[in-house]
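# Structural description and commentary
Each chain, written out:
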Amino acid sequence: MDIKELVKTQREFYQTQYTKDINHRIQTLKALRTWILEHQNRIIEALKKDLNKDAVESYMCEIGLVLSELNYQLKHIKKWSRNKYVWTPISQFYGTSFESYEPYGVTLIMSPWNYPFMLSIEPAVGAIAAGNTVIIKPSAYAPNVSHVIKQMVSESCDERYVAVVEGGRAENTELLEQRFDYIFFTGSVNVGKLVMEKASRYLTPVTLELGGKSPCIVDDDKSLKLAAKRIAFGKFLNAGQTCVAPDYLLIKDKYKDQFIQYMKDVIHEFFGDQPLQNPQLVKIINQKHFDRLSHLLENQDIVIGGKGNPETLQIEPTVVDHVDGNNPLMQEEIFGPILPILTYQNIDEAIAFINQREKPLAFYIFSQNKAIQKKLLKHCSFGGGCINDTIIHLATSELGFGGVGNSGMGSYHGKKSFETFSHTRSIVKKATWIDLPMRYYPYNSMKDKLIRMFLK
């Protein structure tokens, strides 16, 4: 079935009202959960082939998060789907007011390669829970995972309901030529702009989960060793190929040397003396990105790591010192295992530096000072983040996840996913046994007084 025909078929299926039945949604979500539980090893093997991810990391960062989201949606879907009643003004006596959640219809989910399973399936779970049909377009850069997703969906779901389109740029282009009712895109800023441009032809609403240069601020030396460990975890997980990874470090000048020493110790603890020989070191996704990262390291003051293996496409966890805002490392999102260090003297200097740049997807504060925490949260705009940790804010269905400004628009996870893929209809139901006359022509002074009294 070609793409145009697939979209047409899904639209016809949506119009049968099948997907609006809560029981059918639950049945589909349970089928996906069962397949994942029974075929975890296939997913892990695919992630190993595409990114050299260790089995523990694959479960922690991909499979486990998807299962958690599935369970959360299944637990709450019936409650969320009910009408939500609100107070009705006395001027609308006698009536009841409520909000009703309606699925958008035929949805498209375009996912990236860095967390190819999780970032394909998590938004799809929300779209299904809300009652939509779904077309998933996984990244061609992770072909093994893409194929597993195709197998999973074809073995668990009716293609008219949930389908997967594999392929590369040609398939992406053709998909974006179709008319969808909602598009959910995760990826780069440049491609996100193209998606939004294509969606605008039909006024199709979009969620854009993008990225950017997410700062990490270290403002005191309390728990500095723990800070180094948590920053290293967030930065070097998945070889830094994480949209919410700390992109650069802003640290008070007097703490920098001690932090670097702690970071050396942590990297040794995580990856050993020869990180490139460590079987758990994730690889860079392809030659193009390996070459880009290698070029960024040219003529830099590398204080930790810096070596790469072009045969395995791996790069050591790397820390670069003496970086300023004009450094090539600060001109684009790094998306690799490279941490530039910049210093400041006072927090106002750090705030000014951050606010001169595009709004980041994530923001990390390491400080025990509550006044500093509040000041940074007040003066800096960002998608989401952590205080005294990194990246874990996205690992819960209780919190929405999304960007702002250049880092994206819209959010998902948990109830936010259900709401993202639903249109909220506002409805007033009026009684017919009474009809207040004051709103009708002709108007007079008595009606004027009544209207003013009721509408205060």
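For every chain, the first residue of its written sequence is number 1, and the numbers climb from 1 along that sequence. A pLDDT threshold of at least 70 governs which residues receive local features in this predicted model, and a stricter bar of 80 or more applies before side-chain atom pairs are shown or counted, although totals over entire chains, interfaces and linings include all residues. Derived side-chain values reflect all non-hydrogen atoms in the structure, with water molecules and hydrogen atoms excluded from consideration.

Under the annotation held in an unreviewed UniProt entry, the chain carries the name Aldehyde dehydrogenase and is attributed to Massilimicrobiota timonensis. UniProt positions are given in the numbering used here, feature names are shortened, and annotations may be inferred rather than shown by experiment. The UniProt entry for the chain carries this comment under Sequence similarities (unreviewed entry): "Belongs to the aldehyde dehydrogenase family."

Time to look at the sheet that holds strand E2 (residues 95–103). Strand order in the open sheet formed by three strands is E1-E2-E20, with antiparallel pairing between adjacent strands. Of all strands in the sheet, those bounded by a partner on one side alone are strand E1 (84–86) and strand E20 (422–430). Neighbour-to-neighbour, the strand axes of this sheet turn through a mean angle of 30°, independent of strand direction. As defined by bridge partners, E2 adjoins E20 across nine bridges and the pair is classed as antiparallel. Note on E20: the bridge partner recorded for Thr96 is Lys429. Two strands pair under a simple rule: DSSP has to find at least two bridges between them. Secondary structure follows DSSP: runs of H or I at least 4 residues long count as helices, runs of E at least 2 residues long count as strands, and numbering of each begins at the N terminus. Axis definition: a line fit to C-alpha positions, over the contact stretch in the case of helices; interaxial angles, taken between N-to-C directions, run 0 to 180 degrees.

Every case where a carboxyl oxygen of Asp or Glu lies within 4 Å of a side-chain nitrogen of Lys or Arg is listed as a salt bridge. Using the criterion set out here, one finds 15 salt bridges in the structure. Across the salt bridge formed by Lys229 and Glu269, the nearest N and O atoms sit 3.4 Å from each other. Of this pair, Lys229 sits in helix H9 (residues 224–236) while Glu269 sits in helix H10 (residues 256–271), and the two are 40 residues apart along the sequence. Working definition: with a 1.4 Å probe on protein chains only, accessible area under 20% of the residue-type maximum means buried, over 50% means exposed, and in between means partly exposed. For Lys229, a relative accessible area of 34% translates into the label partly exposed. The salt bridge involving Arg439 is made with Asp435; its shortest N-O contact spans 3.9 Å. The class for Arg439 is exposed, based on a relative accessible area of 52%. According to the relative accessible area criterion, Asp435 is partly exposed, its value standing at 46%.

What follows concerns the packing of aromatic side chains. Any two of the Phe, Tyr and Trp rings considered here, Trp counted by its six-membered ring, make a pair once their centres fall within 6.5 Å; the pair's planes then place it as stacked at under 30 degrees, edge-to-face at over 60, or tilted in between. All chains considered together, the criterion is met by 20 aromatic pairs. Both rings, one in Tyr104 and one in Tyr182, keep their centres 4.9 Å apart while their planes meet at 45°; by these two values the pair is tilted. Placement of Tyr104 in the loop between E2 and strand E3 (106–110) and of Tyr182 in strand E6 (residues 182–186) is noted, with a sequence separation of 78 residues between them. According to the relative accessible area criterion, Tyr104 is partly exposed, its value standing at 28%. Ring plane angle 70° and centroid distance 5.9 Å describe the contact between Tyr248 and Phe353, whose orientation is recorded as edge-to-face. Taken together, the residues span a long stretch of sequence, with Tyr248 in strand E9 (residues 248–252) and Phe353 in helix H12 (residues 347–355) at a distance of 105 residues. Its relative accessible area of 2% is what places Tyr248 among the buried residues.

Buried Ala, Val, Leu, Ile, Met, Phe, Trp, Tyr and Cys residues form a nonpolar core when they are joined through side-chain atoms within 4.5 Å. Grouped together as the largest cluster of nonpolar side chains are 119 residues, with contacts concentrated most on Ile231 and Met263. Those residues within four positions of Ile231 in sequence are excluded, and the remaining contacts are Cys216, Val218, Pro246, Leu249, Phe259, Met263, Leu339, Phe366 and Thr390. The next biggest cluster of nonpolar side chains, apart from the first, holds 20 residues, and it includes Val7, Met110, Val189 and Leu208. Two residues form a contact once any of their heavy atoms are found within 4.5 Å.

Moving on, we come to the UniProt feature "domain: Aldehyde dehydrogenase" (unreviewed entry) in the chain. Within this numbering scheme, the UniProt entry marks residues 2–427 as carrying the feature "domain: Aldehyde dehydrogenase" (unreviewed entry). Secondary structure content for residues 2–427 is 42% helix and 19% strand, and the end C-alpha separation is 39 Å.

To continue, consider the UniProt feature "active site" (unreviewed entry) in the chain. With numbering matched to this structure, UniProt assigns "active site" (unreviewed entry) to Glu209. Looking at the element boundaries, Glu209 is found in strand E7 (residues 206–209). When neighbours within four sequence positions are excluded, Glu209 is seen to be in contact with Phe184, Phe185, Thr186, Gly187, Phe401, Gly402, Gly403, Ser407, Gly410, Ser411 and Tyr412.

The subject of this paragraph is the packing of H12 against helix H13 (residues 370–379). Packing of H12 against H13 leaves a shortest axis separation of 11 Å and a crossing angle of 25°. When the axis of H12 is compared with that of H13, the two are roughly parallel. Crossing geometry of H12 relative to H13 is assigned as right-handed. Across the interface between the two elements, Ile347, Asp348, Ile351 and Asn355 from H12 touch Ile372, Lys375, Leu376 and His379 from H13. The classification used treats Ala, Val, Leu, Ile, Met, Phe, Trp, Tyr, Cys and Pro as nonpolar, Asp, Glu, Lys and Arg as charged, and all other residues, Gly among them, as polar. For the contact of H12 with H13, the per-class residue count stands at four nonpolar, two polar and two charged. Every angle not falling under 35 degrees, over 145, or within 65 to 115 is termed oblique; those three ranges are roughly parallel, roughly antiparallel and roughly perpendicular. When the near helix sits turned anticlockwise from the far one by under a right angle, the crossing is termed left-handed; a clockwise turn instead gives a right-handed crossing.

Only residues above 30% relative accessible area that lack a salt bridge enter a patch, with like-charged residues linked at up to 9 Å and the nonpolar side chains Val, Leu, Ile, Met, Phe, Trp and Tyr linked at up to 5 Å. Note on areas: Shrake-Rupley, 1.4 Å probe, and residue coverage restricted to the protein chains presented here. Where nonpolar side chains cluster on the molecular surface, the patch consists of Ile90, Phe93, Tyr94 and Trp433 and spans about 450 Å² of accessible area. Taking the relative accessible area as the measure of exposure, Trp433 reaches 61% and is therefore exposed.

Glycine aside, negative phi is the norm for most residues, and most peptide bonds take the trans geometry. The omega torsion of the bond from Phe93 to Tyr94 falls at -15°, within 30 degrees of zero and hence cis. Counting through the fold element by element, Tyr94 comes out in the loop between E1 and E2. Going from Tyr441 to Pro442, the amide bond is cis rather than trans, its omega being -5°. In this structure, Pro442 sits in the loop between E20 and helix H15 (445–454). Notably, Asn299 is not glycine yet its phi reads approximately 60°, a positive angle. Take Asn299: it is sitting in the loop between helix H11 (287–296) and strand E10 (301–304). For Asn299, a relative accessible area of 82% puts it in the exposed group. Although it is not a glycine, Asn388 adopts a positive phi angle of roughly 65°. Note that Asn388 resides in the loop between strand E16 (384–387) and strand E17 (401–402).

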